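Here is what each chain is made of, one letter per residue.
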Amino acid sequence: MTITAGLVRVDHSAEEYMRFFTVLTFALEQSTVHDATLIAATSADRPRACGWEVREGWLHPIDPADLQRAVTTHLTADEAASLAICTAPVMHRPH
């Protein structure tokens, strides 16, 4: 499977989930994917988003200001304006 840089949305189809998990797995194991950013967003009345980047084989929270800049490049102006940008929780690496 080849994944090019860009936006991958997962909207509940099995194929989309498999594509997402494949890219995330390769990014975490640092084998074939060398750069990945994960942005999670809700689809509620007031959508919220937070994000992580994969560095050194693990997920690290993205600064909210950096996330705001990132989402404005991948979303329409209306979509980006409707998002409340939040600080992503720290994902502790298992030992």
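Quantities reported herein were computed from a predicted structural model and do not represent experimental measurements. (Residues numbered from 1 in each chain as written. Predicted model: local features only at pLDDT ≥ 70, side-chain atom pairs only at ≥ 80, totals over all residues. Heavy atoms only, no water.)

J.: Break down the pairing of strand 2 (residues 48–55) for me, citing the residues and quoting the values.
T.: Each regular strand shows side chains that alternate between the opposite faces of the sheet. Examined bridge by bridge, strand 1 (residues 37–41) and strand 2 share five bridges and lie antiparallel to one another. Bridge pairing in strand 2 links Ile39 to Gly51. Hairpin connection of strand 1 to strand 2: six residues between the antiparallel strands. In this sheet, strand 4 (residues 84–85) lies alongside strand 2 in parallel orientation, the contact comprising two bridges. For Arg48, the partnering residue across the bridge sits in strand 4 and is Ala84. Pairing of strand 2 with strand 3 (residues 58–61), which is carried by four bridges, proceeds in the antiparallel orientation. Paired with Glu53 across the bridge in strand 3 is His60. Between the end of strand 2 and the start of strand 3, which pair antiparallel, lie two residues, with Glu56 showing a positive phi angle near 50 degrees. (Pairing = 2+ DSSP bridges. Helix = DSSP H or I, 4+ residues; strand = E, 2+ residues; numbered from the N terminus.)

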